Structures are given as structure tokens and as C-alpha cells.
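Chain and residue survey
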Amino acid sequence: MADQSPIWHPFTQHGLGDPIPLVTHSEGARLYDADGKYWIDAISSWWVTTHGHAHPRIMAAIRAQTERLDQLIFAGWTHEPAETLAAELMRITPDPLTRVFFSDSGSTSVEVALKMALGYWFNIGEPRHRILVLEHSYHGDTIGTMSVGERGVYNRAWQPLLFDVDTIPFPHEGMEQATLDALEAACSQNPAAFIVEPLILGAGGMLIYPAWVLAEMRSICARYGVLFIADEVMTGWGRTGTRFACDQAGVIPDIVCLSKGLTGGSLPLAVTLCIEPIFQAHWSTDRAKTFYHSSSYTANPIACAAANANLAIWRDEPVQQRIDSLADAQAAHLSLLSHDPRVANPRRLGTIAAFDIVAPDAGYLSDLAPRLIAFYRDHGVLLRPLGNTVYVMPPYCIMEEELAQVWSAVKASLDTL
Ligand SMILES: *Cc1c(COP(=O)(O)O)cnc(C)c1O
């Protein structure tokens, strides 16, 4: 345990004194400490680890790249790992997405998407700045991404700085038409863009909505000429059962954000893809039309090499088959719990399984989630419920016995409530 550490951890209330385990190595779905004790990583280290920890091909690609080129200014310069990655991303995403902008985190990729959208309208001489968002959304923790996300206790201190957005109600079952009507009404006011997490809202509580609603939302935006931004930072790379969530709805966004699983979860990297007219609106001999955005580590060569290894794994290994069998196993485990009176709204999308615990006073600040997190940690499982929502989102390599251990910890946690 790291007790006397000066580290201020993210999303951690140090005043509660919870132990902070010190992990020394990892493999597959397991995190180990120095004594060889392990935890099963049932949330993929916060949704990033897809194929498994320390995948040999990704590790080898990183090692090989460190022998060649470590880092390069990307403004006006380029390198092979980025070119290879861009070409491969073009190959696996829909044709209308023709341009790739690199950055280094999901939040940054969303900031870039918003700046691209506003830059487009500004540069074509029709300035627009309203952004439409879906209720309960999460797009990151920077000021801009908090602005387009759900407001609550986790961003209250900064609310005076957050910009105004128009919020479309979440399409709860049976209420889908109200969402579509609200979107249509908002689109008629000429906003710049609509940003949405396709098919499932992650941090908002693993809220799932049907593919036809996503498709319908996309076509409303197209009809009104409102840019459609898909934040696939969490949903990308197989999480929802297909490589990208938009694939299930036949949706081609104007702008797509990818990060988390882009490097298989090994190194920080993100991309924002966009359609040609957005790039063309910035293409000019006029320097004032330049897209003024960069992070120091934009397209870091080692991170790009890791992403290329991820894409090679998708090409060469039965990734889809692993995803399908994990999805089936998750469905089976969830169905065993679904009639439990303490379990509400059991739901699953691809490899993600979630349910809500029926408990009085189960808001975000109740001590339910911290108690559960401690219980799971003590039972050799890394799970991190969102309020009263318990979800299991493991790496695709998780073994049957490991997944069974995760779900038995979930079952045991219900018994201790
Ligand atoms: C995690 C997440 C982000 C932010 O990504 P970071 O890499 O943590 O900055 C943005 N959007 C969605 C949907 C996410 O799940």
C-alpha cells in the first residue's frame, strides 16, 4: 500500500483513508502486487484495456519503436508510425471520414471535435457556436468537455466557467419520440453540432438506447445541416459488440472521437476523424484559417506504434470471436441475477453488462459505491460501480473462471448489503 505518498489521485477522496493498492505487474485480465496477490481487472483499467494487459505484440511494438524514434514535433513534420496508423484508420472507417487529427486523450479528442465544428462554421463565414448534447452524457473532465457533459456534484465548483449547451432528453424506453422531437426542434435553431455517445452512455450510468434512435438522431442532424459528432472514446474497439458502436446503426458521423482502446489500452493516444468539408473549410493560403490546436505529445511515435499493433491484432487475431463469446458469457451471468429482487434494470450491450442495485439513498454521494469498491477489492476484483450502478466491462481475454469469480463477487456483494 502506498500510504505516505505525495500523489493526489484522480476521483479519489483521500480524506476517507481508503487503502491504495500498489500494483507491480499485469498480465491478461490480472493486476498483481509485489507479493503475487492479484485482482481481476473487471473494468479494463477504466475502459481502456481491450485485448488484455501487456499483450505481447503491443509490448513488442513499443520496444521496437523505442529503438527508432521517441518523439517528434508534429506541426509540419511527420513519421512512419503515424502515417501507417492514419492509412489503416482510413481503411477501417467509412469513406466520408477522410482526415485524421491526432491528440493524446479522450478529452482532448472531444475538445478537438468541438473546435473543428466551430472552426468549420467560422471559416465558411456562417459562425455558429451552440452545441447540442444528450442528457446524462460524459465527454471528459476539461472545462470544454465538462460543458458538454452532465452537470452535477463532480463539476459544481467549475460551473460558472462552463458554457451553455442545449440538452436533449435521454431516449428512455417508450420516450424515444420525445428525444427525437426535441432534437429536431433544437436543430431548427441552427446550432453548430450535436455530440453524442453512440448506443451507450458510459459514465452517465451505462444507459443503453437502441440503434434505430441513433440512426434517427443522425438523420435529423443531416437534414438540418447540423454537424454530428460521435464520441466513441469508450464505445470504440469492440466494447459494444462491433468495432464501433456507430456500425450497428449504419451511422456515419461527421466527426468521430477515438481514444481508450486505440492502443489496446497501453499508451495514451487519441484521434479525431472528420469529413472532408471540415478540413476544406480550414484549407487555405490564408494563415488565419489554420486549425490552431496542438498538444506536445500529438501523435507520439511510440503510442502510434502501439496503436498499429492494436490494429494488427484486429486484423490477424479472432478478436470479433472473443468479443462474441465474452458477450454471451456476460449475458449468461447477468441473467442469473436478473430475477434477484435487489437487482433492477439488468442490461447488456456487447461486452458490457450492468444493473442497478435497489437501495434507498443510492445517489452518487451515498457511501454505497465506496463500500462496494472496497468489498470487491478485498475479494480480488477491480470493479468501480457508478453510484448504485454495478457494471462489468472486462478485457476480451478474460478466462471463464476469472469472469465467474467476478460475478460471484458481485453476487456476494449483494448479500452483504
Ligand atoms: C473516458 C471518456 C472520455 C475522456 O477520455 P480521457 O482519455 O479520460 O480524457 C470522453 N468521452 C467518453 C465517452 C469517455 O468514456
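What this report covers is the structure whose coordinates are included nearby.

1. Here we look at the overall build of the protein
- When helices and strands are counted, the protein shows 13 helices and 16 strands.
- A globule of 417 residues ought to have a C-alpha radius of gyration of about 22 Å, and the protein, at 21 Å, matches this closely.
- For the C-alpha atoms alone, the extent of the protein along its principal axes is close to 65 × 55 × 45 Å.
- Burial statistics for the protein: of 417 residues in total, 52% are counted as buried.
- Once local pairs closer than 6 in sequence are excluded, the contacts in the protein between residues at least 24 apart make up 71%.
- Surface exposure of the protein reaches about 18,800 Å², of which carbon and sulfur atoms provide 56%.

2. Concerning the environment of I195
- Tracing the sequence through the fold places I195 in strand β7 (residues 193-196).
- Residue classification places I195 among the buried residues on the basis of a relative accessible area of 0%.

3. Remarks on the sheet that holds strand β2 (residues 30-32)
- Read from one edge of the open sheet, four strands run β1-β2-β3-β15, paired in mixed fashion. What marks the edges here is a single partner per strand, and that holds for β1 (25-27) and β15 (381-382).
- Helix α13 (residues 400-416) rests against β2, β3 (38-41) and β15 of the sheet, and its axis sits at about 90 degrees to β3.

4. Observations regarding the side chain of H51
- Structurally, H51 is set in the loop between α1 (44-47) and α2 (56-66).
- Relative accessible area serves as the criterion here: at 5%, H51 is assigned to the buried category.
- Polar contacts involving the side chain of H51 include one to the side chain of N310, which spans 2.6 Å.
- For H51, the contacting residues outside a window of four places in its chain are I58, G264, N310, I313, W314, V319, P395, Y396 and C397.

5. Things to note about the site of the ligand
- In the neighbourhood of the ligand, the contacting residues comprise W47, S105, G106, S107, Y138, H139, G140, E197, D231, V233, M234 and K260.
- At 2.7 Å, a side-chain N or O of D231 approaches a nitrogen atom of the ligand.
- At 2.7 Å, a side-chain N or O of K260 approaches an oxygen atom of the ligand.
- Protein burial of the ligand: of its 380 Å² of free accessible surface, 83% is covered by the chains.

6. Topic: the packing of helix α11 (residues 319-337) against α13
- Where α11 contacts α13, the two axes come as close as 11 Å, and the packing angle between them is 25 degrees. Put simply, α11 runs roughly parallel to α13. Viewed along their axes, α11 and α13 form a crossing whose handedness is right-handed. Residues L326, A329, Q330, H333, L334 and L337 of α11 form the contact with α13, whose own contacting residues are L403, A404, W407, V410, K411 and L414.
- Residue composition of the contact of α11 with α13, by class: nine nonpolar, two polar and one charged.

Each value, and the rule that gives it
Residues numbered from 1 in each chain as written. Predicted model: local features only at pLDDT ≥ 70, side-chain atom pairs only at ≥ 80, totals over all residues. Heavy atoms only, no water. Helix = DSSP H or I, 4+ residues; strand = E, 2+ residues; numbered from the N terminus. Rg over C-alpha atoms; globule rule 2.2 N^0.38 Å. Buried < 20%, exposed > 50% of the residue type's maximum accessible area, 1.4 Å probe, protein only. Contact = heavy atoms within 4.5 Å. Areas by Shrake-Rupley, 256 points an atom, 1.4 Å probe, with all protein chains shown as cover. Pairing = 2+ DSSP bridges. Axes fitted to C-alpha atoms, helices over the stretch in contact; angles between N-to-C directions. Polar contact = N/O pair within 3.5 Å; in protein donor to acceptor, adjacent residues only side chain to side chain. Near = heavy atom within 4 Å. Parallel < 35°, antiparallel > 145°, perpendicular 65-115°, else oblique. Left-handed = near helix turned anticlockwise from the far one by under 90°. Nonpolar A, V, L, I, M, F, W, Y, C, P; charged D, E, K, R; others polar.

Nothing here speaks to function; it is geometry throughout.
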